[in-house]
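Given next are the chains, with one letter for each unit.
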Amino acid sequence: MSAVSEQTQVDLASLVHKHQANVWRYLRFLGATAADADDLTQETFLAVSRSSFQQRSDKQTASYLRTVARNQLLQARRREGREINTVELTAAEQVWAAAPDMDGYLTALGNCLKKLDGRATTAINRFYRDKHSRTEIAAELDMKPEGIKTLLRRTRKILRTCIEKNPAPPKNNNHDLTNRRASGDL
Amino acid sequence: MSTENQNTNDLHDRLVDQALQEIVGDETPPDLSGKILAAANTQTEKLSTQATGDETMIANHEKGRKRWVMLAVAASLLMAVGLILPSVQSSRKAAQGSKTTSVNTKEQNKKSTEKPTDHLQLMVKPQVISEGDSSEGRDQLAPAAQHPKSQMGLQGLINEAYAATPPAETSESSTTIYELGDSKGESSSEQSGLRRTGRTTKDGRLNRNASGGVGGGGGGDFGVETLRALEPPIISTDTFEQRPQRREKWAYVDLGGPSKPERRLPAIIIESEGEEERLGIEKGSGPGTSGDQYTRIHENPFIVAAGEAAVSTFSIDVDTASYANVRQFLMQAGRLPPPDAVRIEELINYFDYNYSGPTGEVPFASHVEVAACPWHPEHRLVRIGIKGRDIQRESRPQSNLVFLIDVSGSMNNPAKLPLLVSGMKLLTRELGENDRVAIVVYASSEGLALPSTRGDKQDTILAALGNLRAGGSTAGGAGIQLAYQVAQDHFIEGGVNRVILATDGDFNVGTTSTAELERMAEAKAKETGIFLTVLGFGRGNLNDAMMEAISGKGNGNYHYVDNQTEARKVLVEEMVGTLITIAKDVKIQVEFNPAQVAGYRLIGYENRMLRTEDFNDDKKDAGEIGAGHTVTALYEIVPAGKSVDAGSVDPLKYQPGEKPASAGLANEKSGPASDELLTLKIRYKKPDGDKSTKLEFPINDNGNSFAEATPDFKFAAAVASFGMLLRNSEHRGETSYDAVLEIAESVVYMPVSGREPDPHGYRAEFLKLVQQAKNLAGE
């Protein structure tokens with residue numbers, strides 16, 4: 001009994017350590033707020049700890065965790081009486097699963113950001129880093145707010161293309177975000 | 001493009017958007033491992049205490065087999081008892097006979113502290129049934145008194161058998177037995193080899209909880225294993241002993257989470273004897289508990305404007321911590337703040353006011369406005385506003401910054417170290433090649449995490465910040481010493497030299513008393529010319545009192561950071577003001593004209609009051625004003641001819657030619673007749689100067705009604721009213737939350753001098769705070 005229980009504990013700890021960041025990101029991607037993502041990530045791992053789940057490959061484990069997380073989100077939305085768009089969830093899962101691992105994705109994004117310049121860089125910085133509104137950015141760049149919306153969307157598309165063309169090798173440590181973020185810093 | 005493609009493109013766009021939020025906007029996934037593992041433990045505990053054997057099995061297909069194993073083990077145990085009992089009984093007889101020989105190690109240890117009769121009473125217990133155990137568990141398990149009875153192992157059975165024999169002692173009531181059960185727990189701990197320090201009976205209770213809680217209903221093996229692994233936290237204090245079982249167990253789990261996990265921290269971080277008690281129950285137990293420390297505020301009373309009492313002197317205060325703290329209470333904790341957490345001047349000064357800046361040599365401009373007082377319509381309200389000279393971000397001087405970061409165990413909370421690191425990263429991104437940054441950390445001891453590094457080496461600084469981890473006790477005093485030393489080593493003449501201390505203020509090693517820390521900060525500020533910024537984080541053991549005090553003495557400012565937005569406000573939007581001091585030791589003195597003023601009351605600034613003579617004493621420290629900062633102070637004035645609600649003083653017998661300054665109707669005129677309402681005097685020093693300069697402004701009252709006041713005046717009055725309501729002030733007069741909302745709403749969205757109203761949304765947020773306070777107050 002003790003060996004099994006302790007092993008389970010250890011496995012849960014390593015499972016959490018390895019996958020929690022991506023589960024959280026996935027939930028955010030599915031539309032959960034940051035606070036909801038916190039709660040649902042916890043619920044996901046607790047559900048897994050209650051189940052007879054046995055670890056397999058990283059990819060299979062990640063996929064299993066996403067399924068549990070998605071179900072947790074669905075349950076939460078049902079409890080809140082909110083409409084559930086399962087089509088979107090399915091499509092979202094496909095997009096997420098098709099993307100390279102998130103560490104690699106973020107590293108690639110960091111590299112691609114360095115290639116941006118001019119108004120695109122300013123718009124990204126102001127919007128994401130400085131949390132300025134489109135109106136504020138429009139005033140700074142002498143554009144219309146709608147133009148900023150288009151500029152941001154176009155820039156994201158450029159970044160997506162860049163990431164797909166220049167994928168970065170995956171990293172193993174989900175928590176080692178510092179250097180990657182630093183390298184991607186604008 | 002098909003709808004499906006469109007949808008897929010949108011999702012890809014969303015993916016990039018989310019990645020940008022993380023990589024550029026710093027929205028990183030939180031570390032939830034502590035929370036999850038703690039919850040998993042609790043979950044396990046719940047399952048185990050609910051108790052049947054099969055519920056605790058790991059896999060369903062093993063349930064049947066386990067049950068058979070348990071039955072087999074139980075049968076073996078009964079046989080073992082049958083074999084062991086005679087020898088135990090004979091040993092006991094031997095022990096009783098000689099009083100020097102014991103049956104087992106536990107007895108041996110207990111005899112030194114307990115009378116034999118007590119011992120025997122201890123062993124008298126009702127019959128219990130063991131659910132199974134292993135021989136390994138027999139040697140290590142805590143005994144019956146430590147476990148729920150259903151979990152008793154072989155040792156328990158031995159005790160049962162042993163206790164069953166002495167008929168004389170079995171007449172003790174069951175109540176007595178229960179009381180003595182704790183002692184029994186102690187001796188068992190010793191037997192398990194888990195004694196770490198000389199413990200009292202309370203330790204036994206802790207051991208029981210630690211093992212029994214985790215171990216599950218199926219027996220003690222897992223509990224023992226866990227207990228072994230977690231052996232260091234068996235430092236139990238009286239405080240732990242008082243807690244429910246579940247919380248004790250949390251003490252052994254790594255943290256994460258707002259309040260409960262903080263309870264767990266002490267057990268993890270205690271490193272030396274004597275720390276436990278102080279780090280125990282009073283700390284980190286959530287809003288409003290004694291873990292948060294505030295200085296008592298005695299509200300300024302009305303003072304009769306007569307003689308020397310007609311002069312009011314105080315130091316300016318640009319801190320904003322109290323507002324953010326109040327917001328945290330209202331919006332996150334969902335409760336009204338304790339009155340001593342509400343410093344009204346900090347609420348008022350949280351907001352920027354549209355005062356015009358200086359044009360000449362003087363580093364700041366002064367503004368005074370007088371209108372009717374909204375909560376006492378017969379009174380007048382005087383607003384004194386100061387605006388520091390703006391310095392453009394790009395033309396700010398070179399900076400030598402030392403981040404002094406608390407990485408002690410108490411900071412291991414999402415609202416503390418992660419938020420702190422995130423805030424420091426925001427600031428780092430604003431720095432450039434003209435700046436230098438060093439990082440000093442302190443926990444059990446101080447250390448240099450990053451030598452002074454040029455500000456454009458962002459990767460290095462950000463990586464150093466990202467590597468910070470919390471753990472250990474808090475040698476804050478030693479950290480302050482080192483930080484000042486590092487700042488001194490890289491001092492920039494004519495530049496910004498500043499230590500930025502980020503902490504919850506829970507210093508517990510080395511220099512810990514507020515008075516000592518104050519003296520240290522004051523001495524360092526004077527010796528080195530280095531300024532101080534204090535950033536407070538978290539809840540539960542927030543030492544607001546100490547942080548406010550040392551920032552005041554250390555030529556500094558104090559801000560409380562409750563969320564990312566506040567971090568951005570303090571460290572990015574107001575970075576120039578936070579870092580660059582344009583005048584220091586700024587004192588305000590107001591002389592009221594008794595011909596116009598019967599009495600007055602300064603709203604807030606209670607802990608910034610100075611004696612009249614301190615105004616001209618350059619050795620007396622006062623507050624600093626940063627570039628672009630606005631400082632606002634409000635006086636409520638009782639016009640001449642009205643009665644002043646002040647305490648009464650008996651007539652003075654030995655003061656020739658003077659009438660006593662007493663309560664009641666307005667006093668007589670004592671100087672030349674004047675229409676002036678008051679004279680405002682301001683003293684300040686240049687940031688690197690030692691000699692002060694005095695400014696003087698006579699002020700008249702043009703009789704404006706409150707409706708005629710400027711929007712900024714109205715808003716400041718609304719904030720002051722709000723503060724008085726939160727403090728439940730006796731001077732709040734006719735104000736109410738509805739009145740505050742009415743006043744504030746009327747001006748929040750009003751453009752002032754062509755400036756966009758409320759560009760950052762702070763005033764709109766104020767409305768939400770008032771509404772929330774109104775709801776919480778049940779009005």
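Keep in mind it's a predicted model, so treat the numbers as computed, not measured.

Moving on, we get to the overall build of chain B. From N to C terminus, chain B includes 26 helices and 16 strands. Burial status across chain B gives 58% buried among its 779 residues. Counted over contacts in chain B with a minimum sequence separation of 6, partners at least 24 positions apart contribute 77%. On chain B, roughly 30,800 Å² of surface is accessible, and the fraction owed to carbon and sulfur atoms is 49%.

Take the state of the cysteines next. Residue and element names in this part refer to chain A. The tally for this structure, following the rule as stated, stands at one disulfide over all chains. Paired by a disulfide, C112 and C162 hold their sulfur atoms 2.0 Å apart. The chirality of the disulfide connecting C112 with C162 is left-handed, given an S-S dihedral of about -90°. Here C112, found in helix α5 (residues 102-115), pairs with C162, found in helix α8 (residues 145-165); they are 50 residues apart in sequence, far enough to count as distant. Per residue, the accessibility class of C112 equals that of C162, and both read buried.

All names here are of chain B. If you walk through the whole model with that rule in mind, you get 38 salt bridges over all chains. As a salt-bridge pair, E430 and R393 come within 2.8 Å of each other at their nearest N and O atoms. Here R393 lies in the loop between β4 (380-388) and β5 (399-406) and E430 lies in the loop between α17 (417-429) and β6 (435-442), a separation of 37 residues in the sequence. Judged by its relative accessible area of 30%, R393 falls in the partly exposed class. Of the charged contacts in the structure, one is a salt bridge between K416 and D504, with a shortest N-O distance of 3.0 Å. With a gap of 88 residues between them, K416 in the loop between β5 and α17 and D504 in the loop between β8 (496-503) and α20 (514-528) connect regions that are remote in the sequence. Both residues of the pair, K416 and D504, count as buried. Each of the salt bridges in this network shares a partner with another, and the network as a whole consists of D317, D319, R343, E346, D544, E548 and R608.

Moving on to the packing of aromatic side chains. Residue and element names in this part refer to chain B. Tallying each qualifying case throughout the model produces 20 aromatic pairs over all chains. Aromatic pair F351 and F715: ring centres 4.9 Å apart, planes at 85°, arrangement edge-to-face. Taken together, the residues span a long stretch of sequence, with F351 in the loop between α16 (344-349) and β3 (364-372) and F715 in helix α24 (residues 711-726) at a distance of 364 residues. Judged on exposure class, the residue F351 and its partner F715 are both buried.

All right, on to the side chain of R70(A) then. For R70(A), the location among the structural elements is in helix α3 (residues 58-80). Other than its neighbours up to four places away in sequence, R70(A) contacts Y26(A), L30(A), L89(A) and E93(A).

Turning next to the sheet that holds β4(B). Residue and element names in this part refer to chain B. Within the open sheet, the five strands sit side by side as β1-β12-β14-β4-β3. Their pairing is antiparallel. Of all the strands in the sheet, the pair left with one neighbour each is β1 (303-304) and β3. Alignment of strand β12 (residues 597-603) against strand β14 (residues 630-639), held across six bridges, turns out to be antiparallel. Across the sheet, residue I603 finds its bridge partner in β14, namely L634.

Negative phi values dominate among residues other than glycine, just as trans dominates among peptide bonds. In this structure, K131(A) is a non-glycine residue whose phi angle is positive, near 60°. The residue K131(A) is located in the loop between α6 (118-129) and α7 (134-141) in this model. Of note, D585(B) is a non-glycine position whose phi angle comes to about 50°, a positive value. Structurally, D585(B) is set in strand β11 (residues 581-592).

We now examine the environment of T735(B). Residue and element names in this part refer to chain B. You can see T735 is positioned in the loop between α24 and α25 (737-748). It is 8.7 Å that separates the C-alpha atoms of T735 and M724, two residues lying 11 residues apart in sequence. Not counting residues up to four positions away in its chain, the partners in contact with T735 are W375, S721, L725 and V740.

In this section: the nonpolar core. If you look at the biggest cluster of nonpolar residues, it comprises 69 residues, and the most contacted ones within it are F403(B), I405(B) and Y635(B). Two domains each donate at least three residues to this core, and these are domain 3 (303-391 + 582-650 + 659-777) and domain 4 (393-579) of chain B. Those residues in contact with F403(B) that sit more than four places away from it in its chain are M424(B), L427(B), T428(B), V437(B), A438(B), I439(B), V440(B), L465(B) and I500(B). If you look at the next biggest cluster of nonpolar residues, it comprises 62 residues, including Y26(A), L27(A), V16(B) and L32(B).

The buried fraction of strand β2 (residues 311-315) of chain B is high, at five of five residues. Burial along β2(B) is two-sided: V311(B), T313(B) and S315(B) facing one way and S312(B) and F314(B) facing the other are all buried.

Next up on the list: the environment of K587(B). Residues and elements named next belong to chain B. As for its position among the elements, K587 is in strand β11. For the pair K587 and K694, spaced 107 residues apart in the sequence, the C-alpha separation amounts to 9.4 Å. If sequence neighbours within four positions are ignored, K587 has contacts with F314, L610, D614, F615, D617, D618, K620, A622, K681, I682 and R683. Here the side chain of K587 touches D614 through a polar contact of 2.9 Å, landing on its backbone oxygen.

Its 21 residues give α8(A) an end-to-end C-alpha distance of 30 Å, which sits within 8% of 30 Å, the value for a rise of 1.5 Å per residue. The set of residues buried in α8(A) consists of I148(A), L151(A), L152(A), T155(A), R156(A), L159(A), R160(A), C162(A) and I163(A).

Calculation criteria
Residues numbered from 1 in each chain as written. Chains lettered and ligands numbered in written order. Predicted model: local features only at pLDDT ≥ 70, side-chain atom pairs only at ≥ 80, totals over all residues. Heavy atoms only, no water. Helix = DSSP H or I, 4+ residues; strand = E, 2+ residues; numbered from the N terminus. Buried < 20%, exposed > 50% of the residue type's maximum accessible area, 1.4 Å probe, protein only. Contact = heavy atoms within 4.5 Å. Areas by Shrake-Rupley, 256 points an atom, 1.4 Å probe, with all protein chains shown as cover. Disulfide = S-S within 2.5 Å. Salt bridge = Lys/Arg side-chain N within 4 Å of Asp/Glu carboxyl O. Phe/Tyr/Trp six-rings, centres within 6.5 Å; stacked < 30°, edge-to-face > 60°. Pairing = 2+ DSSP bridges. Core = buried A, V, L, I, M, F, W, Y, C linked by side-chain atoms within 4.5 Å. Domains from an automatic or database assignment. Polar contact = N/O pair within 3.5 Å; in protein donor to acceptor, adjacent residues only side chain to side chain. Expected span 1.5 Å × (residues − 1).

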